[in-house]
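# Coordinates in review
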Amino acid sequence: RPLVVGHNLKYDYQVLRRHGIELPTNRMADTMIAAYLCGEQALGLKALAKRYLNYDMETLDSLLAQVQERLDLEFFATVAELTPLISSSAAKSLKAVLAADNPTAALNRRPGLKMTLTLMGHTLRQATVADVAQRMPDQMKDYACADADATLNLWPIFEARLKELQLEHLFWDIEMPLVPILADVERRGLQIDRQKAMGLSKEWAFDLNELRSGLRLTLGLDNPGSSKQVGDIVFGKMGYKPLARTDSGQPSTAAWVLEYYADDPDIQSILDYRKLFKLRSTYLDPWLATTGRIHPNFNQVRQHGEDAEGATITGRMSSSGPNFQNVPVRTPEGKRVRSCVVAEPGHVLVSFDYKQLEWILLGIAAQSETIIDAYTQGWDVHTRNMELLHLDRPTAKRVTYLWGYRGRAGKLAQLLHSTQQRAQTYLDALDAGYPEVLAWWQAEVEKARGRGYVSTLWGRRRY
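Notes on the structure follow. (Residues numbered from 1 in each chain as written. Predicted model: local features only at pLDDT ≥ 70, side-chain atom pairs only at ≥ 80, totals over all residues. Heavy atoms only, no water.)

## Remarks on a nonpolar patch on the surface
Quick reminder of the rule: Exposure above 30% relative accessible area and the lack of any salt bridge qualify a residue for a patch; like charges then connect within 9 Å, and the nonpolar side chains Val, Leu, Ile, Met, Phe, Trp and Tyr within 5 Å. Accessible surface is estimated by sampling points in the Shrake-Rupley manner with a 1.4 Å probe; for residues, cover comes only from the protein chains shown. By convention in these notes, a salt bridge is any Lys or Arg side-chain nitrogen within 4 Å of a carboxyl oxygen on Asp or Glu. The helix and strand labels rest on DSSP assignments: H or I over at least four residues marks a helix, E over at least two residues marks a strand, and numbering proceeds from the N terminus. The buried label goes to any residue with under 20% of its type's maximum accessible area, the exposed label to any with over 50%, and the partly exposed label to all in between, with areas taken from a 1.4 Å probe on protein chains only.
On the surface, Tyr354, Leu357, Ile360, Ile364, Leu457 and Trp458 cluster together into a nonpolar patch covering about 590 Å² of accessible area. Looking at where leucine 357 falls in the secondary structure, it is placed in helix α16 (residues 357–366). Residue leucine 357 is classed as partly exposed on the basis of its relative accessible area, which comes to 31%.

Here is the structure:
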């Protein structure tokens, strides 16, 4: 049994370690990860405690709001003493707030009053957790104890569910050993060459301005980042035919659509603008907001709902705060961004990659003798598929990977700038060339229809 149970234990592990407390890494259990593996949609402690324990737990936001009221009243009292320095209307509002028998009700007038005082140079600070601990120590203690109590009482529930769903191996042998590793990686962070990143950011800021000015001059396009403006110009003023539509019925301005018309230099400029803007805003600017080391969060779980974030729906980790994954490497611009991540003196950066891992796993899962024999004999499937499809290697690889994820002919036609009919012939050829895989896919689809989920070789479920 675990010695330490936590909810989002990676965070607690990091905090305790900063205070010299080492947790037993081989005896830790995280109820948030357990809930995620069991298919829970809402992974927050308060939501899980309400669902499984019928606890109505106080939120940290509630405590912060209570302290904020105190800070506001103190602030207003201080500013009221400066009556000669503030407007008569502000002084009148302050007097009404401070004289009210019900300060909480009177504080409903705060937004307008705050705005008035801010414009006059009086800034109100926001309440922090440290303020709650200092001003409401008993409530903060109760809040922390309630969190610990709920977490401890949730664990037996999810421990039983992990066993019921046969997810114990995935939880104990794959997910939990990652927690301290990711915590250490996040703490150490990665070194950024700030000078290089800053130079690249300034260079692209100039390029973006030039592209924007050129598009404004030639097309009357003010904001190349606006899908609506781009759609109005490309499919209205320029007269190009929409190739797809969004869920709301508007012509799609997705990259693959614009790339179809990229022979037009103005449309190529729109694509160039989007590419540079995304690289600069997603990577360079957040990296430059740091002190020279970035400490991304590596997310093992996925939060669902409108604010879905975290791991991908298939279970692959993501990173945030700032994002460190998915920096493109196949473009010259992407390579320049990656070159801003450097090794510390005396060290080198090393990259590891499994060769064609997806196809190896596909062959094992489907028990495809064709794929397994290809690898045991020392040659890869792309070589075989080049011959099977009569395509060059780069094109055969694109077809192979899309087929490997059961992509549709329409998507493949977009990638190859080909017709849907020709794309379908490539997919049909791979279906015929790997009958074991096709049979396995069909069986998996039937299982999913019957039980509501598919699972990996290690038991991870996707509902």
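## Points about the packing of helix α9 (residues 137–164) against helix α10 (residues 168–188)
As a reminder of what qualifies: Axis geometry follows a simple rule: fit a line to the C-alpha atoms, using only the stretch in contact for helices, then measure angles between N-to-C directions, giving values from 0 to 180 degrees. Angle categories: roughly parallel below 35 degrees, roughly antiparallel above 145, roughly perpendicular from 65 to 115, and oblique for all the rest. Contacts are assigned to residue pairs with any non-hydrogen atoms lying within 4.5 Å of each other. In this classification, the charged set is Asp, Glu, Lys and Arg, the nonpolar set is Ala, Val, Leu, Ile, Met, Phe, Trp, Tyr, Cys and Pro, and all remaining amino acids, among them Gly, are polar.
Direction vectors running N to C along α9 and α10 enclose 110 degrees, while the axes themselves pass 7 Å from each other. As judged from the angle between their axes, α9 and α10 are roughly perpendicular. Facing α9, whose interface residues are Trp155, Leu162 and Lys163, α10 presents Glu168, Phe171 and Trp172. A breakdown of the residues in the contact of α9 with α10 according to their chemical character gives four nonpolar, no polar and two charged.

## A short note on the environment of glycine 407
Tracing the backbone through its elements, the reader meets glycine 407 in the loop between α19 (393–404) and α20 (409–416). For glycine 407, a relative accessible area of 23% puts it in the partly exposed group. Distance from glycine 407 to leucine 427, taken between C-alpha atoms, is 8.8 Å for residues 20 residues apart in sequence. Not counting the four nearest positions on each side in its chain, glycine 407 is found in contact with Leu402 and Leu427.

## Looking at the environment of threonine 218
Cut-off, in case you're wondering: Side-chain atoms alone can form a polar contact between residues adjacent in sequence; in general such a contact is a pair of N or O atoms within 3.5 Å, and within protein one must be able to donate a hydrogen while the other accepts it.
In this structure, threonine 218 sits in helix α11 (residues 194–219). Spatially, the C-alpha atoms of threonine 218 and aspartate 266 are 7.8 Å apart, while their sequence positions differ by 48 residues. Among residues more than four places away in sequence, those in contact with threonine 218 are Lys237 and Asp266. In terms of polar contacts, threonine 218 uses its side chain to reach the side chain of aspartate 266, at 3.3 Å.

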